[in-house]
Structures are given as structure tokens and as C-alpha cells.
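# Inside the fold
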Amino acid sequence: MSARTLPAIDPAAMAEAAAAIRAGELVAFPTETVYGLGANALDGVAVARIFEAKDRPRFDPLIVHLADPADLARYADPGDVADPRVVRLASRFWPGPLTLVLRKRSAIPDLVTAGLDTVGLRVPDHPVALRLIEAAGVPIAAPSANRFGGLSPTRAEHVRRQLGERIGLILDGGPSRIGVESTVLLLAGGRAVLLRPGGLPAEEIESEIGPIEPGGTAAGDALARSPGTAAAHYSPESPLAIAPPGVPVVVESGERVGLLASSRAARVEAERLGARFAAVEVPAPDGDPLRFAAGLFEALHRLDAANLDRIVAQPVSETGIGRAVMDRLRRAERGSGEVGQVRGSGQVKGARPVR
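Residues numbered from 1 in each chain as written. Predicted model: local features only at pLDDT ≥ 70, side-chain atom pairs only at ≥ 80, totals over all residues. Heavy atoms only, no water.

## Concerning the overall build of the chain
When helices and strands are tallied, the chain shows 11 helices and 17 strands. Within the chain, the fraction of its 355 residues that count as buried is 57%. Accessible surface computed for the chain: about 13900 Å², of which carbon and sulfur atoms make up 51%. (Helix = DSSP H or I, 4+ residues; strand = E, 2+ residues; numbered from the N terminus. Buried < 20%, exposed > 50% of the residue type's maximum accessible area, 1.4 Å probe, protein only. Areas by Shrake-Rupley, 256 points an atom, 1.4 Å probe, with all protein chains shown as cover.)

Encoded structure:
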């Protein structure tokens with residue numbers, strides 16, 4: 001199998017993609033966060049194909065995408081749907097990068113939810129995604145359209161590089177606008193737990209419903225209820241390390257090191273401290289966190305294609321969407337193995353990759 005990439009603006013391409021979803025096949029499509037790998041969420045066999053294509057473990061639940069907030073009542077427990085916080089958040093932030101984890105109804109196969117009694121639901125804020133769900137006539141289960149644990153795709157070509165031989169169709173809708181996955185919030189049974197920071201800052205959620213619990217504290221098994229919460233995730237093939245601010249980066253003779261700079265000024269400072277980089281990406285020259293998030297994965301894809309020994313990433317402020325950015329970078333660092341060691345001299349040194 002070799003994926004065909006079709007322009008999402010073509011009505012014939014949209015009709016073909018919708019027919020493929022109804023037939024139990026996989027379709028990669030754009031959302032405002034990242035590209036998703038979609039299948040009919042009500043068809044267990046089709047959903048199993050997602051796990052197979054991604055090499056995704058079956059214990060990792062999927063997010064179900066809906067065309068309209070009104071569809072929530074068809075797939076979530078009536079008690080959770082009636083929760084005033086759910087009503088308020090859906091009204092305020094849907095369509096948008098917010099996934100609500102609620103108790104599920106029986107229409108959702110257990111494979112979608114990894115056997116849990118809850119399901120993640122959201123209405124994406126992208127015209128292509130919404131048209132596809134509407135045309136297919138079924139909710140679409142869709143994790144990110146990449147190999148499990150790898151860099152998330154924010155362009156059609158990212159999908160093709162990772163899954164092009166495993167799926168049949170990619171709808172090309174241009175680059176994703178937000179660039180990091182949705183925020184995942186557990187509201188089942190009266191709880192309010194942040195399971196994954198994402199494209200909607202937690203501060204905006206709390207402004208609507210009050211304080212929310214951080215995942216992994218009083219949440220019990222809550223982390224298992226959300227995708228994208230593996231300790232090592234979102235990783236490039238090149239080892240990645242986060243560089244503490246102001247600490248010189250050591251680049252040995254003959255070593256190819258890439259820099260993911262938090263701003264143009266931060267890049268200049270890193271080079272002033274003596275490092276010479278083989279490749280540099282500056283997603284947000286002015287340091288704007290929204291621009292940085294939007295360009296994060298695309299920058300990492302380019303660095304990963306530059307034949308580097310390792311990548312050094314500069315941290316950003318952990319406020320607003322910066323919290324999601326740092327979550328992704330930390331998981332990418334943990335997925336890189338033995339990198340980011342701080343030597344006794346106070347200089348950052350990363351391990352060379354094992355290829």
C-alpha cells in the first residue's frame with residue numbers, strides 16, 4: 001500500500017475520504033492541532049487498523065472527533081453531559097483544541113477506550129475535519145497520524161514520511177494552525193483533572209470552571225485515560241536534550257548538533273557562549289509562545305532530517321501554551337535515551353545516537 005495525497009479542497013477527494021471512513025478504512029486528515037489518523041469510531045475492526053498502522057499499544061485510548069457539540073449526548077453518559085461544567089466548556093471552547101474525558105455510552109467500542117469506562121471527545125476547529133466527519137456520517141476516532149512515540153505531524157508530508165506505506169489516503173489541508181495536540185480534561189463523575197496540557201491553556205479552562213487538578217497527583221489512574229501521556233513520547237530520531245538557560249552547549253570537533261531556539265535573541269546568546277550549530281530552527285524569532293507552539297513539530301521534523309548527532313532545545317516559559325510545549329519537549333527528551341547529561345563543568349553534553 002502507498003498512500004495517495006489528495007487536496008482537501010477538492011469535493012471529489014472529500015467524498016472519497018468519507019466513503020473510505022464508512023468502509024472501515026483509514027484516512028489521515030488535518031485538524032487545527034496536528035494531523036489525525038481517522039477511522040469510524042463505531043467500527044471496532046476499523047479502529048484496530050489504527051493501532052496496527054501506528055504500532056500503537058492497545059492500552060492507549062483514542063480521542064473521538066465529533067462534528068457538532070450536540071452529538072455529545074449520543075456517546076457520553078447523560079449525567080456527565082448534564083454537568084454544568086461540561087456544558088460551559090463545550091459552549092465556550094468547541095469547536096477547538098479541548099478534549100473532554102467523560103463516561104462513555106455503549107455505542108463506543110471498548111477498543112477505542114482501551115477497555116476504560118470513559119472516552120475522550122472533542123469537536124475539532126478545522127473546516128476539513130468537520131466536513132469529513134459530517135460527510136462520513138459517523139464519529140471519527142483519530143490519534144495523531146504518526147508512528148507511535150514519534151514526532152507529531154503538522155503537514156501532509158510528515159504523515160507520508162511516517163505512514164505512507166501503511167495507509168491509503170491523506171487529505172492535504174496545509175499546515176496545522178496550533179501545532180500541538182489538544183488539551184485533555186477529565187470531567188467524568190464530577191472530577192476535574194488535567195490529563196494532558198495542549199492547545200487550550202489550562203488558565204483559560206480555570207477561568208470558566210475554577211481550579212482543576214493536575215494529572216498524576218490525586219488523579220489515581222487518570223493518566224491512563226488520556227493519549228499522549230507516556231513518559232517518552234513525541235521523539236525525533238535524533239537524540240534531544242533540553243538546555244538549561246545560560247549553560248554553554250559543548251559541540252565536539254566533527255559533531256553535528258542542531259539547535260531549537262526559543263527566540264532569535266536566545267540563539268545569539270547560545271552562539272555567543274561558543275557553540276557552533278550545524279542546523280538551527282527558530283520557530284518564533286520574537287519568542288511568541290503561540291508562534292513557537294505552531295512551529296514546534298515542523299522545526300523538529302526539519303532538524304531530524306538534517307543528519308544530526310543530537311538536538312539541543314531551549315526551554316520556553318511554562319505559562320499558557322508554553323506548558324504544552326515543555327510537556328512535549330520533556331517527553332521527547334525522555335524518549336531520546338541517555339541525553340542531556342550535565343557534566344561537572346556545568347556544560348551540557350548529549351549522547352550520540354545509536355543508529
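## Some words on the sheet that holds strand β14 (residues 279-281)
Ordered in space as β12-β15-β13-β14, the 4 strands form an open sheet in which the pairing is parallel. The open sheet has two edge strands, β12 (240-242) and β14, and neither has a second partner. Pairwise comparison of adjacent strand axes, ignoring direction, gives a mean angle of 20 degrees for this sheet. Here 3 bridges tie strand β13 (residues 257-260) to β14, and the two strands are oriented parallel to one another. Bridged to G258 within β14 is A279. Strands in contact with helix α10 (residues 289-304) are β12, β13, β14 and β15 (310-313); relative to β13, the strand with the most contacts, it is inclined by about 170 degrees. (Pairing = 2+ DSSP bridges. Axes fitted to C-alpha atoms, helices over the stretch in contact; angles between N-to-C directions. Contact = heavy atoms within 4.5 Å.)

## Considering the packing of aromatic side chains
A complete count under the given rule lists 1 aromatic pair for this structure. Taken together, a centroid distance of 6.0 Å and an interplanar angle of 40 degrees make the contact between Y234 and F297 tilted. One end of the pair, Y234, is in the loop between β11 (213-214) and β12; the other, F297, is in helix α10, and 63 residues separate them in sequence. Both residues of the pair, Y234 and F297, belong to the buried class. (Phe/Tyr/Trp six-rings, centres within 6.5 Å; stacked < 30°, edge-to-face > 60°.)

Remember, this is a structural readout, not a statement about activity or role.
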